[in-house]
Amino acid sequence: MSDIRDVIIIGSGPAGLTAAIYTARANMGPLVIEGEPSSTSDQPGGQLMLTTEVENFPGFPEGIMGPELMMHFRAQASRFGAEFITQKATKVDFNQQPFTVEVGDVTYRSHTVIISTGAQSLMLGLPNEDRLIGHGLSTCATCDGFFFKDQEIAVVGGGDSAVEEATFLTRFASKVYLVHRRDELRASKIMQERALNNPKIEILWNKKVTEIQGDEKLSGVLLEDTVSGEENVLPITGLFIAIGHQPNTSLFADQLDLKDNGYLVTEPDSSKTQIPGVFACGDVQDDYYRQAITAAGSGCMAAIDAERWLEENHA
Ligand code: NAP
C-alpha cells in the first residue's frame, strides 16, 4: 500500500538526523518526527540545542555552536528529501507490520522505525524544583546564563556537564560555586583543570543541596555536608542542575526491552532491538559514550540496518 513508508525516524538529534541523511540518500524517503519546540526534554535537534560551543565534533577545527551544528544536520537531511513533522510521537505499535506511529490524531505506518529520542536532564527531586524552574533554577546554562550577569550562582554535579556549565557560566556570573557531593570530580582531567584554574569558580566539596529556597525567585540553597552532616545556607540567585540524564523511553517501555537504568536494549554492535524492523540509536540506547559523534555514528548504523532489513523483507 502506498501510504506505508519505508522508514519513520522518531527523534532529531545527531543520531536521528544522521539516520535521516543516510536513509534519504538510500531512497527510503524518511519521515522524521522531530519533537516539539516548546519542550525541554525532546526538543527538535536534541541536547545539542541546549549546548554552547562544541569543540570535539570532527570537521570543525574552530568549534561550532550546538544549535548551529544541528541546523547543518537538518539541512543536509532535508536536501536529500527527508520530511519533518515538528511534533512529538504520542503512541507506537510495534506488534504487527506495518508498524504504526501516532502523532496526535494522525497515524503513520511504516515497515521500519528508527528510535532516536535521546535523553533528558535529571533533577534533584526537591519540592521547590517545579515552582522555581525558570525563576532562578535552570538545567541549561546556554539558555539561561545571560540572566545571571554579575550574580553569584551555583552548579550542582561533578561530571563533565557540571564542570563545563560552571566554566561557561563564569562568562556572566561574578562567582560560580560548584556543589559536589564527593571529594573528587567525575569530570575529565582537562575539564577539571579548566575549572580549578578559573578564579571565579569555587568548588564546594562533600556538599549536597537539601533545599531550594525562594518565594517567587530562587534566593539560596540549603547545603548539607555529606561527611559531617553540618548545614549551611548558600545565598545565590541562580542554581543550575547538571547531574546527568534520563533516556526518553517511556513511549516504548511496554513494547521494547529496557536496561535497568531505562535505556533501550540493542544487540551488541548493532542498532537492532528485539523487534525485527525496529532499530534504536543515539543516547536513547547509549548510557556509556553519550557523545554527539557516537550518536551520529550509531544513527548511520541504524540507517544501514533498516535499509538491509527492508531489502531482505520488503524488496
Ligand atoms: P555524569 O557523568 O553521570 O555525572 C553526573 C554527576 O552528577 C556526577 O558527578 C554525580 O555525582 C552527580 N550527581 C548525580 N546525581 C546526583 C544527585 N542526586 N545529587 C547530586 N549530585 C548528583 O553526567 P554528565 O556530567 O551529564 O555527563 C554525561 C556524559 O556526557 C559523560 O559521559 C560525559 O563525559 C559526557 N559529557 C561530555 C562533555 C564534553 O566532552 N564536552 C560535556 C558534557 C557531558 P557522583 O560523581 O558522586 O556520581
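Not measured: the values here are computed from a predicted model. (Residues numbered from 1 in each chain as written. Predicted model: local features only at pLDDT ≥ 70, side-chain atom pairs only at ≥ 80, totals over all residues. Heavy atoms only, no water.)

(A) The domain arrangement of the protein, seen in detail. Domain annotation for the protein reports domain 1 (4-120 + 245-313) and domain 2 (123-241). On a C-alpha basis, the centres of domain 1 and domain 2 stand 31 Å from each other. (Domains from an automatic or database assignment.)

(B) How the structure looks around the packing of aromatic side chains. Applying the stated rule across the entire model yields 8 aromatic pairs. Judged by centre distance (5.8 Å) and plane angle (65 degrees), the ring pair of Phe 57 and Phe 73 falls under edge-to-face. Taken as a pair, Phe 57 in the loop between β3 (53-54) and β4 (64-65) and Phe 73 in helix α2 (residues 66-79) lie far apart in primary sequence, 16 residues in all. We classify Phe 57 as buried; its relative accessible area is 11%. Residue Phe 73 is classed as buried on the basis of its relative accessible area of 8%. Between Phe 168 and Phe 172, the aromatic rings sit 5.4 Å apart at their centres with planes inclined by 75 degrees, giving edge-to-face as the arrangement. For Phe 168, a relative accessible area of 11% translates into the label buried. Through successive ring pairs, a cluster of aromatic residues spans Phe 57, Phe 60 and Phe 73. The positively charged end of Arg 74 is found above the aromatic ring belonging to Phe 84, 4.0 Å away from the centroid. (Phe/Tyr/Trp six-rings, centres within 6.5 Å; stacked < 30°, edge-to-face > 60°. Helix = DSSP H or I, 4+ residues; strand = E, 2+ residues; numbered from the N terminus. Buried < 20%, exposed > 50% of the residue type's maximum accessible area, 1.4 Å probe, protein only. Lys NZ or Arg CZ within 6 Å of the ring centre and 35° of its normal.)

(C) Inspection of the sheet that holds strand β13 (residues 201-204) at higher detail. In space, the 5 strands of this open sheet follow the order β10-β17-β11-β12-β13, with parallel pairing throughout. Among the strands making up the open sheet, the edge pair consists of β10 (137-138) and β13. The pairing of strand β11 (residues 152-156) with strand β12 (residues 175-179) spans 5 bridges and is parallel. Across the sheet, the residue bridging to Ile 153 is Val 176, located in β12. Across the sheet, helix α5 (residues 160-169) lies against β11, β12, β13 and β17 (238-241), angled at about 165 degrees from β11, the strand it touches most. (Pairing = 2+ DSSP bridges. Contact = heavy atoms within 4.5 Å. Axes fitted to C-alpha atoms, helices over the stretch in contact; angles between N-to-C directions.)

(D) Representation of helix α6 (residues 189-196) in the model. Every buried residue of α6 is listed here: Met 191, Gln 192 and Ala 195. Down the axis of α6, the buried set is contained in an arc of 100 degrees. They therefore lie on one face. For α6, the exposed residues set more than 90 degrees away from the buried face come down to Lys 189 and Ile 190. In this structure, the buried residues of α6 make contact with α5 and β13. (Arc of directions from axis to C-beta.)

(E) Representation of the site of the ligand. In the region of the ligand, 18 residues are neighbours, and Asp 160, Ser 161, Arg 181, Arg 182 and Arg 186 sit closest. At a separation of 3.3 Å, an oxygen atom of the ligand approaches a polar backbone atom of Gly 159. At 2.7 Å, a side-chain N or O of Arg 182 approaches an oxygen atom of the ligand. Relative to its unbound accessible surface of 920 Å², the ligand loses 76% to contact with the protein. Looking at side-chain class alone, the shell around the ligand contains 3 nonpolar, 9 polar and 6 charged residues. Counting residues domain by domain, the shell around the ligand receives three or more from each of domain 1 (4-120 + 245-313) and domain 2 (123-241). (Near = heavy atom within 4 Å. Polar contact = N/O pair within 3.5 Å; in protein donor to acceptor, adjacent residues only side chain to side chain. Areas by Shrake-Rupley, 256 points an atom, 1.4 Å probe, with all protein chains shown as cover. Nonpolar A, V, L, I, M, F, W, Y, C, P; charged D, E, K, R; others polar.)

(F) A look at the packing of helix α1 (residues 14-25) against helix α7 (residues 292-314). Here α1 crosses α7 at 40 degrees, and the two axes come no closer than 7 Å. Remark: the crossing between α1 and α7 carries right-handed chirality. Residues Pro 14, Ala 15, Thr 18, Ala 19, Tyr 22 and Thr 23 of α1 form the contact with α7, whose participating residues are Ala 292, Ala 295, Ala 296, Ser 298, Gly 299, Cys 300 and Ala 303. Broken down by class, the residue content of the contact of α1 with α7 amounts to 9 nonpolar, 4 polar and no charged. (Left-handed = near helix turned anticlockwise from the far one by under 90°.)

(G) Layout of the pattern of salt bridges. Using the criterion set out here, one finds 8 salt bridges in the structure. Here Arg 74 and Glu 34 are joined by a salt bridge, their closest N and O atoms 3.0 Å apart. Within this pair, whereas Arg 74 is found in helix α2, its partner Glu 34 is found in the loop between β2 (31-33) and β3, the two being separated by 40 residues in sequence. (Salt bridge = Lys/Arg side-chain N within 4 Å of Asp/Glu carboxyl O.)

(H) The arrangement of the nonpolar core in detail. Counting residues in each nonpolar core, the largest one holds 30 residues, and the members touching the most others are Ile 9, Phe 73 and Ile 114. Considering each element in turn, this core owes the most residues, 8 residues, to α7. Once you skip the residues sitting within four places of it in the chain, Phe 73 turns out to touch Pro 14, Leu 17, Thr 18, Ile 21, Phe 57 and Ala 296. Among the nonpolar cores identified, the runner-up in size contains 21 residues, and Val 155, Ala 162, Phe 168 and Met 191 belong to it. (Core = buried A, V, L, I, M, F, W, Y, C linked by side-chain atoms within 4.5 Å.)

(I) The sheet that holds strand β15 (residues 220-225), seen in detail. A sheet is described by the order of its strands in space; here 3 strands give the open sequence β14-β15-β16, paired in antiparallel fashion. Across the chains shown, the open sheet's two edge strands, defined by having one partner strand only, are β14 (207-213) and β16 (231-234). Across the sheet, the mean angle separating the axes of adjacent strands is 30 degrees when strand polarity is ignored. Pairing of β15 with β16, which is carried by 4 bridges, proceeds in the antiparallel orientation. Looking at the pairing, Leu 222 lines up with Val 233 of β16.

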